[in-house]
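Overview (structure and organization)
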Amino acid sequence: MAILVTGGAGYIGSHTVLTLLERGDDVVVIDNLSNASRTSLDRVAELTGRVPTVYIADVLDRQALKIIFADHNITDVIHFAGLKSVSESINEPLAYYQNNVTGTLVLLDEMQAAGVNRFIFSSSATVYGDPQSVPLSEHSRTGGTTNPYGTSKLMVEQILADFSRAQPDFRITCLRYFNPVGAHPSGRIGEDPNGIPNNLVPYISQVAIGKLETVSVYGNDYPTPDGTGVRDYIHVMDLATGHLAALDCQNKGAAYKVINLGTGVGYSVINLIEAFEKAAQTKINYQFVNRRPGDIAECWSDPSLAYKELGWKAVYTLDEMMRDTWNWQKNNPNGYSI
Ligand code: NAD
Ligand code: UD1
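I will try to describe carefully the structure that is included in this document. (Residues numbered from 1 in each chain as written. Chains lettered and ligands numbered in written order. Predicted model: local features only at pLDDT ≥ 70, side-chain atom pairs only at ≥ 80, totals over all residues. Heavy atoms only, no water.)

**Describing the overall build of the chain**
Secondary structure summary: the chain contains 11 helices and 14 strands in total. By the compact-globule yardstick of 20 Å for 338 residues, the chain fits well, its C-alpha radius of gyration being 19 Å. Here the chain, with 338 residues, has 54% of them falling under the buried criterion. Nonlocal contacts in the chain, meaning residues at least 24 apart in sequence, comprise 81% of its contacts between residues at least 6 apart. Here the chain displays about 14,300 Å² of accessible surface, and carbon together with sulfur accounts for 49% of that area. (Helix = DSSP H or I, 4+ residues; strand = E, 2+ residues; numbered from the N terminus. Rg over C-alpha atoms; globule rule 2.2 N^0.38 Å. Buried < 20%, exposed > 50% of the residue type's maximum accessible area, 1.4 Å probe, protein only. Contact = heavy atoms within 4.5 Å. Areas by Shrake-Rupley, 256 points an atom, 1.4 Å probe, with all protein chains shown as cover.)

Structure, rendered in structure tokens:
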């Protein structure tokens, strides 16, 4: 029996694969390495002393999926594979719909053909669009996404809801992640963005290591306590345990579940910079600039359903998130490239 993890070489996938192997699950990974390095999984093997089976292939490749389902006794699929850059999605919408939507359709089709019916999907708080109020619960309004990336996540959720109604024997959980940050406490695996990071924490950590000069803080005139944007940052190891909890509860409750994975606490950009300064014992240069188009003022979760349905809650503090990000950054200044 094994768990199939698509996108398992990526940031959240590699931490989840590690956590699965550590507790004794067998893992099969499919990843086309479009946004990852094979080294992440070599390090997972080094850390756990166990080796996942890895297929370097695309989830759009039906033949590869048929082989995987034929050669392994897959009980569950965790579907991380997809493209995730908001800005890139605006310039390349077809690539985003192809990978994120069609990729999921092909995977579901091949699961059905193989008789595999337990599925966990990587969704995002982006499906809430511009929140009417916070905290966001799973009953909060969705929609109003402003870019193809966000729309692709919402479309897949809708497809999964329809599919679940038609196929009640399928067990499906959509996990809506808030803002994933941090790294494994060993500093051996972490987030390795291509080029100049778009997201706040990788940007701050590259300023701390001296690769970038100054953090541009996008707006200090939001209706938030210090005027900067507020988000629900969650440690990637908490996300990993959230997936294990979702796997364990896949046969309980409703056949189709949508669950927030967040901490329930919002921190501002300035809170993050100060926490990082403390972790890295260095000054982070920053300057206030105009708001980034498409950004919202504040977004944080009501995480109570995850506790109720999965018995899971986030345990890492902001200081631990920044400590582990810095530990990864300082030990791997160029990520997985030597
Ligand atoms: P990531 O880019 O590090 O991981 C995605 C992995 O999927 C990569 O290893 C990539 O090579 C692989 N991949 C992409 N397209 C593929 C395809 N067609 N076939 C096979 N492999 C493919 O991203 P991540 O941060 O680990 O995110 C994982 C998932 O969680 C994504 O679906 C993402 O949209 C979602 N998510 C991420 C965040 C975040 O901030 N990181 C927030 C919410 C949701
Ligand atoms: C972004 C995406 C979201 C995606 C998420 C996870 C946008 C508009 N949204 O969320 O769809 O699911 O990443 O990858 O891109 N900030 C700065 N300076 C920076 C970078 C960010 O001040 O250089 C601020 C932002 O204005 C925001 C906060 O930091 O207030 C967090 O930004 P970021 O890490 O990019 O995440 P989100 O915008 O929440």
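**A few points about the sheet that holds strand 1 (residues 2-6)**
Strand pairs in the sheet, formed through backbone hydrogen bonds, run parallel or antiparallel to each other. Spatially, seven strands are ordered 3-2-1-4-5-6-11 in an open sheet, and the strand pairing comes out parallel. Of all strands in the sheet, those bounded by a partner on one side alone are strand 3 (53-56) and strand 11 (256-261). Neighbour to neighbour, the strand axes of the sheet diverge by 15 degrees on average, direction disregarded. Where helix 5 (residues 93-114) meets the sheet, its contacts fall on strand 1, strand 4 (74-79) and strand 5 (118-124), and the angle it forms with strand 5 comes to roughly 170 degrees. (Pairing = 2+ DSSP bridges. Axes fitted to C-alpha atoms, helices over the stretch in contact; angles between N-to-C directions.)

**Remarks on the packing of helix 7 (residues 200-208) against helix 11 (residues 318-331)**
The geometry of helix 7 relative to helix 11 is characterised by a closest axis approach of 10 Å and an angle of 55 degrees between their N-to-C directions. On the basis of their axis angle, the class for helix 7 and helix 11 is oblique. When the axes of helix 7 and helix 11 are compared, the crossing they make is right-handed. Contact residues: Val-201, Ser-205, Gln-206 and Ala-208 in helix 7; Met-322, Thr-325, Trp-326 and Gln-329 in helix 11. Partitioning the contact of helix 7 with helix 11 into residue classes produces four nonpolar, four polar and no charged. (Parallel < 35°, antiparallel > 145°, perpendicular 65-115°, else oblique. Left-handed = near helix turned anticlockwise from the far one by under 90°. Nonpolar A, V, L, I, M, F, W, Y, C, P; charged D, E, K, R; others polar.)

**Overview of the site of ligand 1**
Taken together, 26 residues form the shell around ligand 1, and within it Ile-12, Asp-31, Asn-35, Lys-84 and Asn-99 come nearest. At a separation of 3.0 Å, a nitrogen atom of ligand 1 approaches a polar backbone atom of Val-59. Between Lys-84 and ligand 1, the recorded distance is 2.8 Å, taken from a side-chain N or O atom to an oxygen atom. When ligand 1 is considered free in solution it has 810 Å² of accessible area, and contact with the protein chains removes 95% of it. (Near = heavy atom within 4 Å. Polar contact = N/O pair within 3.5 Å; in protein donor to acceptor, adjacent residues only side chain to side chain.)

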